[in-house]
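Here is how the chains run, residue by residue.
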Amino acid sequence: MLAVFKRELFSFLNSLMAYITIGIFLLACGLMFWFFPDTSILEYGYAEMDGFFSLVPYLFMFLLSAITMRSFAEERKEGTYVLLATRPLTDWQIILAKYLACIVLMLFSLLPTLVYYYSIAQLGLPKNNIDTGAVIGSYIGLFLLGSTFAAIGIFASSLTNNQIIAFAVSLFLCFFSYSGFDSISRIGAFQSVEMTLVDLGISVHYQSISRGVLDTRDAIYFITFVGLFLGLTKLTVGGRKW
């Protein structure tokens, strides 16, 4: 399992696509957080990162879809999964190795954004005038959100041998899971179950953690969501004749 994890991680890091994908993500974060007038912290004038954490989920959809799209799609296209399956590994070990490699890549992408926290802390009047607890909670929320999007992306990649299709399916499922339930709840015909639909979406749970409130119900929700899509991946991979 460790060998599969290393192979997945280093095969991505050894490709130009990894640096282009992470570079575009960080560039988009930087432009939105510092330069674009509508979202710039310099225009906002307050020492907080709420604007950043409200924008990153949408960038995460593209980042995690790009990272995960090759997980199983490439194996299926090149026919290498048969060789992998002959190793003394279960389907779960293969899935978890690929999933954890994607999580590590997500953390690599997030680490440089800690510079924003330091910059705001130094620019604030007085210095360090920033709610550190809320920032920590928001990063925990981002980690849980990214873990969920990675599970969705792994599942999408297991459905096809085309990486572009896997990317598109993952992007759609991530967007729907994050914002779709909120949009459906505002339709008149679903007003009687509005709160239930809102609770099914990722957005409300992510926002709850981003406020610095670490509720076990939100953590259980994300863990359940990850388990659901990894379980669906197991069904897809286990029931396919590669």
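**Q** So what exactly am I meant to see when it comes to the overall build of the chain here?
**A** Each helix and strand in the chain was counted, giving 13 helices and zero strands. Secondary structure elements in the chain, listed N-terminal to C-terminal, are α-α-α-α-α-α-α-α-α-α-α-α-α. Buried residues in the chain amount to 47% of all 242 residues. When the accessible area of the chain is evaluated, it comes to approximately 12400 Å², of which 68% is carbon and sulfur surface.

**Q** Would you mind going over the pattern of salt bridges with me for this structure?
**A** Pairing between side chains of opposite charge can happen when their charged atoms approach one another. A complete count under the given rule lists two salt bridges for this structure. The shortest N-O distance in the salt bridge between Arg7 and Glu8 comes to 3.1 Å. Here Lys98 and Glu8 are joined by a salt bridge, their closest N and O atoms 2.7 Å apart. Of this pair, Lys98 sits in helix H7 (residues 91-110) while Glu8 sits in helix H1 (residues 2-13); the two residues are 90 residues apart in sequence, bridging distant segments of the chain. Take Lys98 and Glu8: they sit in the same class, and that class is buried. Residues participating in the shared-partner salt-bridge network are Arg7, Glu8 and Lys98.

**Q** How do you make sense of helix H13 (residues 216-238) when you look at a structure like this?
**A** Structurally, the α-helix is built with 3.6 residues per turn, so residues lying three or four positions apart point the same way. Between the first and last C-alpha of H13 there are 32 Å, a value that for 23 residues agrees with the 33 Å anticipated at 1.5 Å per step. Residues of H13 that are buried: Asp218, Tyr221, Phe222, Phe225, Val226, Phe229, Leu230, Gly231, Thr233, Thr236 and Val237.

**Q** What should I look at first to understand the nonpolar core in this one?
**A** Ranked by internal contacts, the top residues of the largest apolar core, which has 61 residues, are Met49, Phe52, Phe60, Leu142 and Phe149. When residues in this core are grouped by element, the largest group, 11 residues, is from helix H9 (residues 132-158). Filtering out sequence-adjacent residues up to four positions away, Met49 remains in contact with Phe33, Tyr116, Tyr117, Ile120, Ile130, Val135 and Tyr139.

**Q** I'm lost on the packing of helix H2 (residues 16-35) against helix H8 (residues 114-123) in this one. Help?
**A** Relative placement of two packed helices is described by the angle separating their axes and the distance separating the axes. Interaxial distance between H2 and H8 falls to 13 Å at its minimum, and their mutual angle equals 20 degrees. When the axes of H2 and H8 are compared, the pair comes out roughly parallel. Relative to H8, H2 is oriented so that their crossing is right-handed. The residues of H8 that touch H2, namely those facing Leu26, Cys29, Gly30, Phe33 and Trp34, are Tyr116, Ser119, Ile120 and Leu123. Partitioning the contact of H2 with H8 into residue classes produces seven nonpolar, two polar and no charged.

**Q** Would you explain the side chain of Thr233 in this entry?
**A** Secondary-structure assignment places Thr233 in helix H13. Assessed through its relative accessible area of 0%, Thr233 is described here as buried.

**Q** Would you explain the environment of Phe155 in this entry?
**A** Summarising the element assignment, Phe155 is placed in helix H9. With 11 residues separating them in the primary sequence, Phe155 and Ala166 have C-alpha atoms 8.7 Å apart. Those residues in contact with Phe155 that lie beyond four places of it in its chain are Leu173, Phe229, Leu232, Thr233 and Thr236.

**Q** Sorry, what's going on with a nonpolar patch on the surface here?
**A** A cluster of nonpolar side chains, Met1, Trp92, Leu96 and Leu100, forms an exposed patch at the surface whose accessible area comes to about 330 Å². When its relative accessible area of 40% is taken as the criterion, Leu100 is described as partly exposed.

**Q** I tried to follow the packing of aromatic side chains on my own but got confused; where do I start?
**A** If you walk through the whole model with that rule in mind, you get 12 aromatic pairs. When the centroid spacing of 5.7 Å and the interplanar angle of 65 degrees are considered together, the rings of Phe155 and Phe229 count as edge-to-face. Of the two residues, Phe155 is situated in helix H9 and Phe229 in helix H13; the sequence distance between them amounts to 74 residues. The exposure classification of Phe155 matches that of Phe229, with both residues buried. Ring geometry for Tyr221 against Phe222: centres 5.6 Å apart, planes inclined by 80 degrees, an arrangement best described as edge-to-face. The lysine or arginine in question, Lys98, covers the ring of Phe72, its NZ or CZ lying 5.2 Å from the ring centre.

Conventions and cut-offs
- Residues numbered from 1 in each chain as written.
- Predicted model: local features only at pLDDT ≥ 70, side-chain atom pairs only at ≥ 80, totals over all residues.
- Heavy atoms only, no water.
- Helix = DSSP H or I, 4+ residues; strand = E, 2+ residues; numbered from the N terminus.
- Buried < 20%, exposed > 50% of the residue type's maximum accessible area, 1.4 Å probe, protein only.
- Areas by Shrake-Rupley, 256 points an atom, 1.4 Å probe, with all protein chains shown as cover.
- Salt bridge = Lys/Arg side-chain N within 4 Å of Asp/Glu carboxyl O.
- Expected span 1.5 Å × (residues − 1).
- Core = buried A, V, L, I, M, F, W, Y, C linked by side-chain atoms within 4.5 Å.
- Contact = heavy atoms within 4.5 Å.
- Axes fitted to C-alpha atoms, helices over the stretch in contact; angles between N-to-C directions.
- Parallel < 35°, antiparallel > 145°, perpendicular 65-115°, else oblique.
- Left-handed = near helix turned anticlockwise from the far one by under 90°.
- Nonpolar A, V, L, I, M, F, W, Y, C, P; charged D, E, K, R; others polar.
- Patch = residues over 30% accessible without salt bridge, like charges linked within 9 Å, V, L, I, M, F, W, Y side chains within 5 Å.
- Phe/Tyr/Trp six-rings, centres within 6.5 Å; stacked < 30°, edge-to-face > 60°.
- Lys NZ or Arg CZ within 6 Å of the ring centre and 35° of its normal.

Purely spatial values, then, with no claim about function.
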